[in-house]
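What follows is the residue order along each chain.
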Amino acid sequence: MKFSPEELKELIRNAADGEKFPLAKLITELEKPNSFEFRKLLFDELEKSGFSGNSSLTVGLTGTPGAGKSSLLGEFSSEFLKRFPERKMAVVAVDPSSHISGGSFLGDRTRLSLPTREKRIYFRSQPSQLELGGVNPYTYHVIRLLRCFFDFVFVETVGIGQNEIEVSKLADLSFLVMVPLGGDQIQFMKSGIMEVPDAFILNKCDEEALAKASYHTLTHTLEFLRDLSPGGSVPPVFMTSVKTKRGIPDLLEYIVSEKPGDKREEETLLQIRKWVKNEYGNFGLRILSEIHFPKNADYETYEALAETEIGKRFKDGSATRSE
């Protein structure tokens, strides 16, 4: 591990005080491929220091490229800092990686104009690393860390559809950001959008007639699909504009009024399944279904148990990772 126990404690204390460089150092270690030992020590120390992250709200934003997610989030962040001086927020922006070079432009930070020395906000860019679902393998651990220090953690991803719903599994509250004239009723139903968001944002509502036409099309589609949604409820639709500041205060009030979910253990098990699937395929998932995990354990405990049990089967020569 890169840090001694005392250095780790010092980094945690400074990160809790809003210092960005110590927090960035912790995140950099989390984003390394072989971070298990560091993660175990870090989250054990955080728990001992009283940082659970249970009171933090995680908000996911997804949508097609050009929907204005980053600009909207920048305007939202500025309004948040003005209206809630006692609260803190963090942003994780995941950019798509190139299928040719594997690199990522990480251009979301150019859309956000935020005060650099403001300790109540933190911004982190990540590449998707070609992962379906819009988040990379380390995004979850970064979110776990940020929850310990911030009241709100926003996760912005690109892409929407049946493969790009991963952010909804990490978020207490998820939004789909759309633009006027983004499609007709059939297109809305085809894209599987009802599977993803808790609410919709119709952004770039600068031209009233176009905005209203798309708003009514979307709300009518949601009414038509009411019977397919959990509880028969219809998600709210917010009309926003960064140019005119339309709808930003209402959206902010809606978000800050929400409470964190009580399904963090379920979230952890979902992430374990994703890790096992990536590492060991269907063979690993079959073994995972046979493991009796302890209640309310942390991710690293589940990971160690899963790897031990799967490793035993591999030593028996009964399967390969490609299965």
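Residue positions are given per chain, counting from 1 as you read along its sequence in written order. Totals for whole chains, interfaces and linings use every residue, but because this is a predicted model, local features are given only for residues with pLDDT of at least 70 and side-chain atom pairs only at 80 or more, for both listing and counting. Side-chain figures throughout are based on the complete set of non-hydrogen atoms in the structure, without hydrogens or water.

Quick word on the overall build of the protein
In step 1: Looking only at helices and strands, the protein features 11 helices and seven strands.
In step 2: Whether a residue is buried, partly exposed or exposed follows from its accessible area with a 1.4 Å probe, protein chains only, as a fraction of its type maximum: under 20%, in between, or over 50%, in that order. Evaluated residue by residue, the protein yields a buried proportion of 48% over its 323 residues.
In step 3: Of the contacts formed within the protein by residues at least 6 apart in sequence, a portion of 76% connects residues at least 24 apart.
In step 4: For the protein, the accessible surface area stands at approximately 16,100 Å², while carbon and sulfur atoms represent 51% of it. The way it works is that DSSP assigns letters per residue, a run of H or I at least four long becomes a helix, a run of E at least two long becomes a strand, and they are numbered from the N terminus. Only heavy atoms enter the contact rule, under which two residues are in contact if any of them lie within 4.5 Å. The method behind every accessible area is Shrake-Rupley, applied with a 1.4 Å probe, and residues are considered shielded solely by the protein chains displayed.

Remarks on the confidence of the model for the protein
In step 1: pLDDT is a per-residue confidence score from the predictor, ranging from 0 to 100. Summing up the model confidence of the protein, the mean pLDDT is 84 and the portion of residues at 70 or higher is 81%.
In step 2: Mean pLDDT values for the elements of the protein range from 58 in helix 7 (residues 185–190) up to 96 in helix 1 (residues 5–16).

A word on the sheet that holds strand 3 (residues 121–127)
In step 1: A pair of strands is labelled paired if DSSP reports no fewer than 2 bridges between them. The strand order across the open sheet built from seven strands is 3-2-4-1-5-6-7, with neighbouring strands paired in parallel fashion. The open sheet has two free edges, formed respectively by strand 3 and strand 7 (237–239), since each of these has just one partner strand. On average, each strand axis in the sheet is inclined to that of its neighbour by 20 degrees, with strand direction left out of account.
In step 2: For strand 5 (residues 173–178) and strand 6 (residues 199–202), the ladder comprises four bridges, and the chain directions are parallel. The residue of strand 6 that forms the bridge with Leu-176 is Phe-200.
In step 3: Against the sheet, helix 4 (residues 69–83) touches strand 1 (57–63), strand 2 (89–95), strand 3, strand 4 (152–156), strand 5 and strand 6, its axis set at about 165 degrees to strand 4. Between N-to-C directions, angles cover 0 to 180 degrees, with each direction set by a line fitted to C-alpha atoms, over the stretch in contact for helices.

A short note on the nonpolar core
In step 1: Side-chain atoms within 4.5 Å link the members of a nonpolar core, which is a set of buried Ala, Val, Leu, Ile, Met, Phe, Trp, Tyr and Cys residues. The biggest cluster of nonpolar side chains holds 43 residues, and the ones touching the most others in it are Leu-23, Leu-26, Leu-42, Leu-145, Leu-146, Phe-149 and Val-276.
In step 2: Counting residues per element, this core draws most heavily on helix 10 (residues 264–288), at eight residues.
In step 3: Among residues more than four places away in sequence, those in contact with Leu-145 are Leu-23, Leu-26, Ile-27, Leu-30, Leu-42, Phe-43 and Leu-46.
In step 4: In terms of nonpolar packing, the next biggest core, distinct from the first, is built from 29 residues, Phe-84, Phe-154, Ala-199 and Phe-238 among them.

Quick look at helix 11 (residues 299–315)
In step 1: For a helix, the expected span equals 1.5 Å multiplied by the residue count minus one. Along its 17 residues, helix 11 runs 24 Å from first to last C-alpha, staying within 8% of the 24 Å computed at 1.5 Å per residue.
In step 2: What helix 11 keeps buried is the set Tyr-299, Glu-300, Tyr-302, Glu-303, Ala-306 and Ile-310. Down the axis of helix 11, the buried set is contained in an arc of 150 degrees. They therefore lie on one face.
In step 3: Its buried side turned inward, helix 11 meets helix 3 (36–48), helix 5 (139–147) and helix 10. As used here, the arc is the angular range of directions from the helix axis to the C-beta atoms.

Observations concerning the pairing of strand 6
In step 1: Judged by which residues are buried, strand 6 turns out to be covered on both faces: Ala-199 and Ile-201 on one side and Phe-200 and Leu-202 on the other are all buried.
In step 2: By the bridge criterion, three bridges tie strand 6 to strand 7 in an arrangement that is parallel. Following the sheet pairing, Ile-201 is matched in strand 7 by Phe-238.

What about unusual backbone geometry?
If a residue is not glycine, its phi is most likely negative; likewise, a peptide bond is most likely trans.
In step 1: Here the phi dihedral of Lys-204 falls at roughly 60 degrees; this positive angle occurs in a residue that is not glycine.
In step 2: For Lys-204, the location among the structural elements is in the loop between strand 6 and helix 8 (208–224).
In step 3: The phi dihedral of Asn-296 is positive, around 60 degrees, even though this residue is not glycine.
In step 4: Tracing the backbone shows Asn-296 in the loop between helix 10 and helix 11.
In step 5: Its relative accessible area of 65% is what places Asn-296 among the exposed residues.

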